[in-house]
Amino acid sequence: MSTFTDTSLTRVAIFASGAGSNARKIIEYFQGHPQIIIALVVCNKPGAGVLNIAADFSIPVLTIEKERFFRGDAYLPDLQKAGIGFIVLAGFLWKIPSALITAYSGHMLNIHPALLPKYGGKGMYGNFVHEAVIAAGEKESGITIHLVDGEYDHGGTLFQATCEVVPDDTPATLARRIHELEHLHFAPVIEKTILSLPGVNR
Ligand code: GRF
């Protein structure tokens, strides 16, 4: 894709459909960054918290709908027009169509709130993940940041960090601990990944 050859600035799209706390941390981290700019927020859910965050930082939003995403052009022309060279999935629940997987191969990351390959796959999101971890009596959980391929929560793992699961944890208390890890690590891993791509100036 031609945008990958622009060595001066990588334009990043954040795909998110939830509260957007990770999106906020990422946007804050890259404010004023000399090589990486958060150029677009892509969202499929009207009213999602992430839309307010995008507005707070004056970041353009692309609102997407199912039919065109899955059975049309997957919004690839819009992403190309916006010069997007890298995609970050931060709480985005739809499966990524193959047109985007192919166009952004090696240029798309996801964060998952557990230690993959355990507790991943279709339906494993949000509190369902933490409920499963607690029900299995795990002593440890954590986060996984991985490249995106054609399967849910699959693709090469780039980073994991762990935290304890304590005896009286609920999904909510564990989720808080996991969010702290996500907020600490996601943006620096994105930065490191982008800066190590071929053709990006370091
Ligand atoms: C995060 O826990 C992330 O791991 C998962 O979705 C959640 C998004 O949370 N993929 P937020 O919207 O960033 O607060």
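Residues numbered from 1 in each chain as written. Predicted model: local features only at pLDDT ≥ 70, side-chain atom pairs only at ≥ 80, totals over all residues. Heavy atoms only, no water.

**Here we look at the UniProt feature "domain: Formyl transferase N-terminal" (unreviewed entry) in the protein**
When the UniProt feature table is mapped onto this chain, "domain: Formyl transferase N-terminal" (unreviewed entry) is found at residues 11-186. Spanning residues 11-186, this segment combines 35% helix with 24% strand, and its end C-alpha atoms are found 17 Å apart. (UniProt positions renumbered as here; feature names shortened; annotations may be inferred. Helix = DSSP H or I, 4+ residues; strand = E, 2+ residues; numbered from the N terminus.)

**Here we look at unusual backbone geometry**
Put simply, L116 and P117 share a cis peptide bond, and its omega is 15°. Along the chain, P117 turns up in the loop between β5 (108-112) and α6 (126-135). For Y75, which is not glycine, the phi torsion reads 65° and is therefore positive. Tracing the backbone through its elements, the reader meets Y75 in the loop between α3 (66-71) and α4 (76-81).

**Considerations on the pairing of strand β6 (residues 140-147)**
A regular strand places its side chains on the two faces of the sheet in alternate fashion. Judged by how many residues are buried, β6 sits mostly within the fold: six of eight residues are covered. As defined by bridge partners, β5 adjoins β6 across four bridges and the pair is classed as antiparallel. Across the sheet, the residue bridging to H112 is T144, located in β6. In this structure, β6 lies alongside strand β7 (residues 157-164), joined through seven bridges in antiparallel fashion. Bridging across to β7, I143 finds its partner in A161. (Buried < 20%, exposed > 50% of the residue type's maximum accessible area, 1.4 Å probe, protein only. Pairing = 2+ DSSP bridges.)

**A word on the sheet that holds β7**
A sheet is described by the order of its strands in space; here seven strands give the open sequence β3-β2-β1-β4-β5-β6-β7, paired in mixed fashion. A single partner strand is all that each edge strand has here, and the edge strands are β3 (61-63) and β7. Here the strands of the sheet are splayed against their neighbours by 20° on average, with no regard to which way each runs. Sheet analysis places strand β4 (residues 84-89) next to β5, joined by three bridges and oriented parallel. If you follow I87 over to β5, its bridge partner there is M108. (Axes fitted to C-alpha atoms, helices over the stretch in contact; angles between N-to-C directions.)

**Remarks on the pattern of salt bridges**
On inspection of all chains with the given rule, the structure shows seven salt bridges. With its nearest N and O atoms 3.2 Å apart, the salt bridge here joins E67 to R71. One end of the pair, E67, and the other, R71, are both in helix α3, four residues apart, so they sit about a helical turn from each other. What makes R71 exposed here is its relative accessible area of 59%. D169 is paired through a salt bridge with R177; the nearest N and O atoms lie 2.8 Å apart. Among the residues examined, D169 registers a relative accessible area of 7% and is labelled buried. In this structure R177 comes out as partly exposed when scored by relative accessible area, which is 24%. One salt-bridge network, held together by shared partners, links R24, E28 and D56. (Salt bridge = Lys/Arg side-chain N within 4 Å of Asp/Glu carboxyl O.)

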